[in-house]
Amino acid sequence: MCAWLRIAATVMICAAPNLASAHHSYAMFDRSRTSTAGGVVAKVEWSNPHVFVWVYVPKTGGGYSLYAFESDAVTRLTHLGWSATSLSAGDKVTIDYNPLRDGRPGGKLISAKLPGGQTLVTTNDGAAPPGARP
Amino acid sequence: MRRGRLTAAVMFCLMLGAAGATAASEPRADPSAQARAGFAGWWQAEPPFVVITMPFSPPPLKPAAAAAYQAATQAIAAGGAPDYCHPLRFTGYSYGIGGDMEFLFTPGRATLISNDVGLVRRIYIGMAAPSKPVPTNSGTSIGRWEGDVLVVRTIGLDPATPYPSPMPGAPALGENAQVVERIYLADKDTLVFEIEMTAPDVLTAPDRRRQAYRRVNKQIDYAMSFCSAQDRSVDAAGRQQFDMTPPKDLPPPPPG
């Protein structure tokens, strides 16, 4: 496969969650690393093309850092079992994510574990996780 | 003897007439009725999505179109993300995505609605195709039933439509493009689209794809538009930037 086709494949695979999101490459996230952050949900922005989850994460010396997590489109998340009220402000949550390359707190959300033990997943590289068939 | 033959002939004719009358009074079987009932409802695209397989088996693009497509993909990979907030336009693959669609039937018409992106396709069944339709986002679609297969021919596609994907900077579809779809149920919960795209300005030969859909047995109500204005991955200058400006109504952190 020639180079530009590899690029096209990468862009389109990253855009799999929805058609209209063929607009960025996800290069801002380090897809080779997975980090974990636990905290309290500050806000959920339930909108297309990406749902955003804001989380207050406790700092070692006291206080909180505000983390931002980008997720998939509303359509994909809904078929994976999410709803607009799956996460609400004040919920304790543990997030697995691909961190931002620039070091700011946040990244591409992979999964969210709720206090009751339920884990909500998102697509990664455009591929639905095992057992996530709608 | 002669009278007997005449009587027999009259009786035979009367019987034929009665049989014909009986056949005419019975409701005609409509081979498409069962298919219409089976098509109706909500569907979600099944992997492999056409939009994903496209780079691995690209359409036979003419050199200029291939160069434009290459430039568009490289620009995005390099960090560009031009403003986008345009209605989706049909190019045959508009439903080959992870989104949902609804199939509705009303007399003389089938309607396909993409809930994710708001594209509505009205398919007129049995109508003659206009010779010069006004270009629109959905094109002009004429359908006919071949048994339980719905065959849809769509012309009048907007020549400015990005092709083969709605990626910003992709080449324009051009004039006289046409899509022919054969839509059928592979089983009661699997709807298949066999798609043939013809676009003489950008393709050297017809492009053929297949997309399957899985039935979704629930109401789906989350239509939302896709705009860079609400995408935190794209800044106002059209660059890929992760915007971490907190929402104005963000509550304060927990005490302690």
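Residues numbered from 1 in each chain as written. Chains lettered and ligands numbered in written order. Predicted model: local features only at pLDDT ≥ 70, side-chain atom pairs only at ≥ 80, totals over all residues. Heavy atoms only, no water.

**Quick look at the overall build of chain A**
A tally of regular secondary structure across chain A gives 2 helices and 6 strands. Listing the helices and strands of chain A from first to last along the sequence gives α-β-β-β-α-β-β-β. Looking at chain A residue by residue over its 134 residues, the buried ones come to 57%. By sequence separation, contacts in chain A at least 24 residues apart represent 55% of the contacts at least 6 residues apart. A total of about 5,100 Å² of accessible surface is found on chain A, and carbon and sulfur atoms cover 52% of it. (Helix = DSSP H or I, 4+ residues; strand = E, 2+ residues; numbered from the N terminus. Buried < 20%, exposed > 50% of the residue type's maximum accessible area, 1.4 Å probe, protein only. Contact = heavy atoms within 4.5 Å. Areas by Shrake-Rupley, 256 points an atom, 1.4 Å probe, with all protein chains shown as cover.)

**Quick notes on the confidence of the model for chain B**
Residue and element names in this part refer to chain B. Counting all residues, the mean pLDDT for chain B is 81, and 75% of those residues have values of 70 or more. Contacts for the low-pLDDT stretch residues 12–27, under 50 throughout, to residues beyond four places or in other chains number 0 contacts. The ipTM assigned to the predicted complex is 0.71, against a pTM of 0.70. (pLDDT = per-residue confidence, 0-100.)

**Points about the pattern of salt bridges**
Under the defined criterion, the tally for this structure stands at 15 salt bridges over all chains. Several salt bridges share partner residues, and in doing so they unite A:Glu45, B:Arg232 and B:Asp243 into one network. (Salt bridge = Lys/Arg side-chain N within 4 Å of Asp/Glu carboxyl O.)

**Quick word on the side chain of B:Asp231**
Residues and elements named next belong to chain B. Relative to the elements of secondary structure, Asp231 occurs in the segment after β9 (207–216). With no salt bridge to any partner, buried Asp231 finds its closest opposite charge in Arg232, at an N-O distance of 8.1 Å. Reaching out from Asp231, the side chain makes a polar contact with the backbone nitrogen of Ser233 at a distance of 2.8 Å. (Lys, Arg positive; Asp, Glu negative; His and termini not counted. Polar contact = N/O pair within 3.5 Å; in protein donor to acceptor, adjacent residues only side chain to side chain.)

**Comments concerning the packing of aromatic side chains**
A full pass over the atoms with the stated rule returns 12 aromatic pairs over all chains. A ring pair is formed by A:Phe29 and B:Phe242, whose centres lie 5.6 Å apart and whose planes are at 85°; its orientation type is edge-to-face. In this pair, A:Phe29 sits in the loop between α1 (3–14) and β1 (35–45) while B:Phe242 sits in the segment after β9, so the two residues belong to two different chains. The same class applies to A:Phe29 as to B:Phe242, namely buried. These aromatic residues form a ring-pair network of at least three members: B:Phe39, B:Phe103, B:Phe105 and B:Trp145. Positioned above the aromatic ring of B:Phe90, the side-chain terminus of B:Arg121 is 3.7 Å from the ring centre. Between B:Arg232 and the ring centre of A:Phe52, over which it is positioned, the NZ or CZ distance is 5.8 Å. (Phe/Tyr/Trp six-rings, centres within 6.5 Å; stacked < 30°, edge-to-face > 60°. Lys NZ or Arg CZ within 6 Å of the ring centre and 35° of its normal.)

**What to know about the sheet that holds β9(B)**
Strands pair in a sheet through their backbones, by hydrogen bonds, and they do so in one of two ways: parallel or antiparallel. Residue and element names in this part refer to chain B. Read around the barrel, 9 strands follow the order β1-β2-β3-β4-β5-β6-β7-β8-β9 and close on themselves; strand pairing throughout is mixed. Shown here is a sheet whose adjacent strand axes are inclined to one another by a mean of 30°, direction ignored. Where strand β5 (residues 140–146) and strand β6 (residues 149–155) come together, 7 bridges link them in antiparallel fashion. Within the sheet, the bridge partner assigned to Ile142 lies in β6 and is Arg153. (Pairing = 2+ DSSP bridges. Axes fitted to C-alpha atoms, helices over the stretch in contact; angles between N-to-C directions.)

**Here we look at the nonpolar core**
If you look at the biggest cluster of nonpolar residues, it comprises 40 residues, and the most contacted ones within it are B:Phe39, B:Phe103, B:Tyr163, B:Ile183, B:Leu191, B:Phe193 and B:Met197. Every element with two or more residues in this core is listed here: α2 (31–39), β1 (41–45), α4 (63–77), β2 (100–106), β3 (109–114), β6, β7 (178–187) and β8 (190–198) of chain B. Among the elements that line this core, the one with the most residues is α4(B), at 5 residues. Those residues in contact with B:Phe103 that lie beyond four places of it in its chain are B:Phe39, B:Ala40, B:Gly41, B:Trp43, B:Ala110, B:Thr111, B:Leu112, B:Leu150, B:Ile183, B:Leu191 and B:Phe193. With 21 residues, the next largest nonpolar core counts A:Tyr67, A:Trp82, A:Ile95 and A:Ala112 among its residues. (Core = buried A, V, L, I, M, F, W, Y, C linked by side-chain atoms within 4.5 Å.)

**Regarding the side chain of B:Arg209**
Residue and element names in this part refer to chain B. In this fold, Arg209 is placed in strand β9. Relative accessible area serves as the criterion here: at 9%, Arg209 is assigned to the buried category. Excluding its chain neighbours within four sequence positions, the residues that come into contact with Arg209 are Val50, Thr53, Met54, Ser57, Pro58, Pro59, Tyr93, Phe193, Glu194 and Ile195.

**Describing α4(B)**
Residues and elements named next belong to chain B. Over its 15 residues, α4 extends 21 Å from the first C-alpha to the last, a length consistent with the 21 Å expected when each residue adds 1.5 Å. Within α4 the residues assigned to the buried category are Ala65, Ala66, Tyr69, Ala72, Thr73 and Ile76. Down the axis of α4, the buried side of the element spans an arc of 125°, and every buried residue falls inside it. For α4, the exposed residues set more than 90 degrees away from the buried face come down to Pro63 and Ala64. (Expected span 1.5 Å × (residues − 1). Arc of directions from axis to C-beta.)

**Quick notes on the environment of A:Ala42**
In this fold, A:Ala42 is placed in strand β1. Linking A:Ala42 and A:Lys92, residues 50 residues apart in sequence, is a C-alpha distance of 9.7 Å. When neighbours within four sequence positions are excluded, A:Ala42 is seen to be in contact with A:Trp54, A:Val55, A:Tyr56, A:Leu66, A:Ala89, B:Leu250 and B:Pro251.

**Points about the environment of B:Ala212**
Residue and element names in this part refer to chain B. Of note, Ala212 is situated in strand β9. Classification of Ala212 by relative accessible area gives buried; the value is 15%. Each C-alpha atom of the pair Ala212 and Pro48 lies 8.4 Å from the other, and the pair is 164 residues apart in sequence. Those residues in contact with Ala212 that sit more than four places away from it in its chain are Gln44, Ala45, Glu46, Thr190, Leu191 and Val192.

**Details of the confidence of the model for chain A**
Residues and elements named next belong to chain A. When pLDDT is averaged along chain A, the result is 79; 73% of the residues meet or exceed 70. Scored below 50 in pLDDT, residues 12–22 makes 39 contacts in the model with residues more than four places away or belonging to other chains. Residue range residues 125–134 is modelled with pLDDT below 50. Its contacts to residues more than four positions away, or to other chains, number 17 contacts.

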